[in-house]
Amino acid sequence: MMRFLLLFSRQGKLRLQKWFTPLGEREKKKIVRDMTMMVLPRPPRSCNFLLWRDLKIVYKRYASLYFCCGLEPQDNELLALEVLHRYVELLDKYFGNVCELDIIFNFEKAYFILDEFLMGGEVQETSKLSVAKSMEESDLLQETMEEYMSKPTF
Amino acid sequence: MSPSVRLQEMIRVIRSARTQGEERGVIQRECAAIRAQFRQADNGGRSHNLAKLLYVHMLGYPAHFGQMECVRLIASPRYSEKRVGYLGAMMLLDEKQDASLLITNSIKNDLSHSSQYVQSLALCTLACMGSAEMCRDLAPEIDRLLRASNSYIKKKAALCAVHIVRKVPELGELFTPAAHSLLSEKNHGVLHGAVVLMTELCERSPETLAQFRKAVPELVQVMKGLVMSGYSPEHNVAGISDPFLQVRILRLLRILGRNDEAASDAMNDLLAQVATNTDSSKTAGSAVLYETVLTVMDIKSESGLRVLAVNILGRFLLNNDRNIRYISMTSLQKIVQTDHNAVQRHRGTIVDCLKDQDASVKRRALELSLALVSAVNIRSMMKELLLFLSSCPPELRSHAASGIFSAAERYAPSQRWHIDTILHVLITAGGDVRDETVPNLIQLITTATDLHCYTVHKLYRALVSDISQQSLVQVACWCIGEYGDLLLRGECEETEPVQVTEDDVLDALETVLQSHMSAPATRGFALTATMKLSTRITHNVDRIRSIVSIYGSCIDVELQQRAVEYNALFKKYDHMRAAVLERMPVIDKSSPGHTNGEVAGGTIKAPDQTKLTQEEGTVTAQPTNQVCDLLDLLGGSDGPSQPALAEPGPTGPDPVRISTGGDLLDLLGGLDPTPVSSVTVYEKNGVTLTLQCDSQTDTDVTAILTASNSSHSDITQFTLQAAVPKSVQLQMKAPSGDVIPACGLGQVTQTILLHNPNKVGLRMRVRISYCAQGTTFQETVQIDSLPTVACQ
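Described in the following lines is the structure provided in the data block. (Residues numbered from 1 in each chain as written. Chains lettered and ligands numbered in written order. Predicted model: local features only at pLDDT ≥ 70, side-chain atom pairs only at ≥ 80, totals over all residues. Heavy atoms only, no water.)

Counting its secondary structure elements, chain A contains five helices and seven strands. Scanning chain A from its N terminus toward the C terminus, one meets helices and strands in the order β-β-α-β-β-β-α-α-α-β-β-α. On C-alpha atoms alone, chain A measures out to a radius of gyration of 16 Å, which is about the 15 Å that the 2.2 N^0.38 rule sets for 154 residues. Looking at chain A as a whole, 62% of its 154 residues are labelled buried. Considering only contacts within chain A whose residues lie at least 6 apart along the sequence, 49% involve residues at least 24 apart. Only carbon and sulfur atoms are counted for the fraction: they give 55% of the accessible area of chain A, which is about 6300 Å². (Helix = DSSP H or I, 4+ residues; strand = E, 2+ residues; numbered from the N terminus. Rg over C-alpha atoms; globule rule 2.2 N^0.38 Å. Buried < 20%, exposed > 50% of the residue type's maximum accessible area, 1.4 Å probe, protein only. Contact = heavy atoms within 4.5 Å. Areas by Shrake-Rupley, 256 points an atom, 1.4 Å probe, with all protein chains shown as cover.)

On to the sheet that holds strand E8 (residues 747-755) of chain B. Residue and element names in this part refer to chain B. Sheet architecture is open: five strands sit in the order E3-E4-E5-E8-E7, paired in antiparallel fashion. Strands at the two margins of the open sheet, each flanked by one partner only, are strand E3 (678-684) and strand E7 (729-732). Pairwise comparison of adjacent strand axes, ignoring direction, gives a mean angle of 20 degrees for this sheet. Two elements, E7 and E8, share four bridges in a ladder whose sense is antiparallel. By the bridge assignment, Gln 731 is partnered in E8 with Leu 753. (Pairing = 2+ DSSP bridges. Axes fitted to C-alpha atoms, helices over the stretch in contact; angles between N-to-C directions.)

For the rest of this paragraph, the subject is the sheet that holds strand E6 (residues 715-723) of chain B. All names here are of chain B. Pairing within the open sheet is antiparallel, and its three strands lie in the order E6-E9-E10. Either end of the sheet is taken by a strand with one partner, and the two such strands are E6 and strand E10 (775-783). When strand polarity is set aside, the average angle formed by the axes of neighbouring strands in this sheet is 15 degrees. Here strand E9 (residues 764-772) runs beside E10; their pairing, made up of nine bridges, is antiparallel. Residue Ala 772 lies in a different strand from E10, and its bridge partner there is Thr 775.

Applying the stated criterion across every chain, the model contains 14 aromatic pairs over all chains. Measuring from ring centre to ring centre gives 6.4 Å for Tyr 59 of chain A and Tyr 66 of chain A, while their planes differ by 45 degrees; the resulting arrangement is tilted. The pair formed by Tyr 59 of chain A and Tyr 66 of chain A is uniform in burial state, with each residue classed as buried. Every member of this aromatic cluster is reached through a ring pair, and the members are Tyr 682, Phe 718, Tyr 770 and Phe 777 of chain B. Here the guanidinium or amino end of Arg 83 of chain B rests over the ring plane of Phe 112 of chain A, the centre of that ring lying 4.0 Å away. (Phe/Tyr/Trp six-rings, centres within 6.5 Å; stacked < 30°, edge-to-face > 60°. Lys NZ or Arg CZ within 6 Å of the ring centre and 35° of its normal.)

Next comes the structure, spelled out in structure tokens:
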């Protein structure tokens, strides 16, 4: 299972954090610090896998954001790369050509999408269309309020 | 003003703050406003205030005052408020907070809500932060949803059940029937959830595992369907149909097929099919192939299939993509013990990976290369490893150095080669080697009697060029002290002799003595060496006398003591000086000096077919020794009467007292490497102790105990004591250390020699004691049978 998923910028600012095990605040902060320190200095075409404590760390850089997740020893690292890629594709479909600003200003949407894709550290839905459809329908449930001005593009 | 703009407005304001202080100011104001809003009655902007708070929380500021607001929002009938409330619960509440219990009731109600999206919120939150209590309360609900709902909810309920089983393993029985029946669903999401749930249940309970073995044909069917199906736009990733599901099914098959012939047979064809048909040009395909290889190697598969799997790994090794090469080396590392010959075929490529730029790949390549060293390829491998050592990143150096040393000890083709190798390592990476390298090397040098001349010439040259590597300098000083006469004679068969005068040699030693780079121990070596030379040179004895008397008032107490004693040797005991300082006898590896009084016995090993010259005279072959009737293994009384403790490192200030580290006499001398199996005998508190049999004859066994530490803090004062049945003789070599660094960064090894003349069943009781995080632990484990060395 995935233990955590982090998104941070090239300057080390955290944009999204999802923890799949219960941890204290200090522990979480320490892990975020360790991840940024380990991942940011790595040269561009290096291997995407690292070992940290007893976990395997898989990271991938998309434009200005690093997607970083921590896996247990029996998990498949190559598949984790696919999971990260799938999440980026889902964000891209939802926001239409997603960029870091979309995730900053609509962070709660990014979380909702993540919660439709992963659950308890495991993949929940393997079909892109299915996830997109669920997001659409949930958003429709909210549409009655005038809050969400930035509608997803269809 | 519309409330939502205020959320994005706030984000904009925070981002435009130019300094940390400004940002803090903005956030404090906003938090104050949010707190005020929370205290007010229900207004339309509650969800936005919470969303703002969550943003602030992500920046790292405290947000605990939002916890109750989350609870309130979750209970709200409005979907938008529930959504943000549940998000807040997942971010701010965890099972350690008291407030988390308050949402149990809301979750329970929402699980039966008419809208599936509300149900899904509840399921997601439970799976994310549900405590054991909450799980126990809500498990029957989840089971109900698993059986009777639409596929959207079923897939979520399955993963929620996985979380429940992880928190409260006993509840696994509740979900077992539903899990199996879910396999007949068509929806991929539900299938995936079902497979994950089954995997989790199998890992927790062997009975469930046996039960689920019946599902192997069904799983094979589903998998076949995926592999053979045509293009399906919904699930296709780079030509592979639903790789996520494929990988999970393969993983479940691995667990079901392990140690079971029937199950392994049933999946054989499928695995062959997947291995041959999957296109691995993109990551998705490689992920599936990787999982297939892992499964093949773990179950009882046919040899043809295993060969196929190793070939796939070999192909991966040649891939341009670094990730694939990394993966392949990780997998090869797992099978290098069992399928050694197959992995040897790829040795060339692995050695090439040592030169890769990437640090992760280098590390894997180093591990694998060290595992592949054998008596056959030792020379070429060592060349590559030494090349690697000179250019490797600093964090890998000590690991590489110690790996090279143990490889050299096990497979050295000749003494001269061995000495050269160790010297090379000391020159390149002397700062990263372990402390006992120095005594080991000295011991090695003394045994190589015909190479004394060669050694001292080489070391003198090394000393003159560079005195910064302490280990090298220490060994060099010792040798010059011992064999200075050979150096001064100026002739040497094996190498170009150095033409030196007595003054040159004394200059070199004095430089070491006076240099600020020399550690205190090094200076001790140099002083003693200078003293020893007084009987080996003829003209400059006065110079030595003056050096020695100067250091009689040195600030360093150790040096002062030595100097005073040597001075006395000059003055009062001059008649004894020659006798005291004469050439040392060959140091026996198991000399009693290092066991602190308790005799561990002399050499037991019978002369073996090594290429080493056995030293004459000083090898005391004390046959029986009074080792280890530690605990009467068969009698069971506790409390060691005579523990066989081997003290690590030299005792006392005398640098020449040797402790035995590696095992020179254990060379396999030309035998092909036989795959060995290792057994984990103790695993607790992050400390893992494994036992591996190194070599075995009818009556003698050499075993290595390796301790590693996966916890976050170092383990100190780690010691092992062992007891064997009465007729077996036990000799424990000195351990490599008594501190095990945290997080698997290092290991402690200890070699054990067992002499079993009556060929009784070998059993051992090991007492482990260590100190972890301030607490002392002492445990005893019983090993009833030693892992045997498999035949070639």
